[in-house]
Amino acid sequence: QVQLVESGGGLVQAGGSLRLSCAASGSTFSSWAMGWFRQAPGKEREFVARITWSGGNTYYADSVKGRFTISRDNAKNTVYLQMNSLKPEDTAVYYCAAGPTGRWQSNEYDYWGQGTQVTVSS
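How each quantity is defined
Along each chain, residue indices are assigned from 1 in the same order as the chain's sequence is written. Local features in this predicted model are restricted to residues of pLDDT 70 or higher, and side-chain atom pairs are both shown and tallied only at a pLDDT of 80 or more, whereas totals for entire chains, interfaces and linings draw on every residue. Side-chain numbers here rest on the full set of heavy atoms in the structure, without hydrogens or water. Helix numbering and strand numbering both begin at the N terminus, where a helix is a DSSP run of H or I of at least 4 residues and a strand a DSSP run of E of at least 2. For each residue, the accessible area found with a 1.4 Å probe, counting protein chains only, is set against the maximum for its type, and the residue is called buried under 20%, exposed over 50%, and partly exposed in between. Pairs of residues are marked as contacts when any of their non-hydrogen atoms sit within 4.5 Å. The Shrake-Rupley method, run with a 1.4 Å probe, gives the accessible areas here. Residue values count only the displayed protein chains as cover. Neither His nor the chain termini are counted; the positive set is Lys and Arg, and the negative set is Asp and Glu. The atoms used to mark charge sites are NZ of Lys, CZ of Arg, CG of Asp and CD of Glu. When two cysteine sulfur atoms lie within 2.5 Å, the pair is treated as a disulfide. Here, a salt bridge means any Lys or Arg side-chain nitrogen found within 4 Å of an Asp or Glu carboxyl oxygen. Here a strand pair is declared whenever DSSP counts at least two bridges between the two strands. The axes are straight lines fitted to the C-alpha atoms, using for helices just the contacting stretch, and the angles between their N-to-C directions are given from 0 to 180°.

Enquirer: Any chance you could break down the overall build of the protein for me, citing the residues and the numbers?
Expert: For the protein, the helix and strand inventory stands at 0 helices and 11 strands. Its C-alpha atoms give the protein principal-axis dimensions of roughly 40 × 25 × 25 Å. Counting over 122 residues, the protein shows a buried share of 43%. Looking at the protein alone, contacts between residues at least 24 apart form 56% of all its contacts between residues at least 6 apart. Per element, the accessible surface of the protein, about 6,200 Å² overall, is 45% carbon and sulfur. Once the 11 positive and 9 negative side-chain charges of the protein are each reduced to a mean point, those two points are 5 Å apart.

Enquirer: Let's hear about the state of the cysteines: which residues, and what values?
Expert: Following the criterion strictly, the structure yields 1 disulfide and no others. Through a disulfide, Cys 22 is tied to Cys 96; the S-S separation comes to 2.0 Å. Every disulfide takes its handedness from the sign of the S-S torsion; for Cys 22 and Cys 96 that torsion is 45°, giving right-handed. Of the two residues, Cys 22 sits in strand 3 (residues 18-24) while Cys 96 sits in strand 9 (residues 92-99), which places them 74 residues apart along the sequence. With respect to burial, Cys 22 and Cys 96 carry one shared label: buried.

Enquirer: Account for the pattern of salt bridges, with residues named and values stated.
Expert: Counted under the stated rule, the structure contains 4 salt bridges. A salt bridge links Asp 62 to Lys 65, with the nearest nitrogen and oxygen atoms 3.1 Å apart. Of the residues examined, Asp 62 reaches a relative accessible area of 67% and is grouped as exposed. As a salt-bridge pair, Arg 67 and Asp 90 come within 2.7 Å of each other at their nearest N and O atoms. A residue pair is termed long-range when its members are at least 10 positions apart, and Arg 67 in the loop between strand 6 (58-60) and strand 7 (68-73) and Asp 90 in the loop between strand 8 (78-83) and strand 9 qualify at 23 residues. Of the two residues, Arg 67 and Asp 90, neither departs from the other in class, the shared state being buried. Sharing partners across several salt bridges, the network here consists of Arg 38, Glu 46, Arg 67 and Asp 90.

Enquirer: So what's going on with the sheet that holds strand 1 (residues 4-7)? Residues and values would help.
Expert: Either a parallel or an antiparallel arrangement is found when strands of a sheet pair, and the pairing is made through backbone hydrogen bonds. What the 4 strands build is an open sheet, ordered 1-3-8-7; its pairing is antiparallel. A single partner strand is all that each edge strand has here, and the edge strands are strand 1 and strand 7. Averaged over all neighbouring strand pairs, the angle between strand axes comes to 15°, with direction disregarded. Pairing of strand 3 with strand 8 involves 6 bridges; the strand directions are antiparallel. Opposite Ala 23, over in strand 8, you have Thr 78 as the bridge partner.

Right, dumping it as structure tokens:
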């Protein structure tokens, strides 16, 4: 059984930064694609960023490009999301996801964390 545990969320003022972490169990972490998604109240879950198993390729939603950075440390079974220049519209529950073929859609990922709340005040 795979478990993903997010941490690092919180309350921050607009323009501030947060770094989310997602710790994964399981020996196959280094072979999985990892993604971050978010869901704001009353909205559908949306793609934020993803990283390939090697960390060699990263992809971002247009809304976060240039502000967020996804990275991974396979030795620590952890994926990160560095979020800079945060805006109130970034407020959401952020989820990490894992799977061998994860790309842009949430149904392409097999495992999910419980989510961590990010609130950006104006």
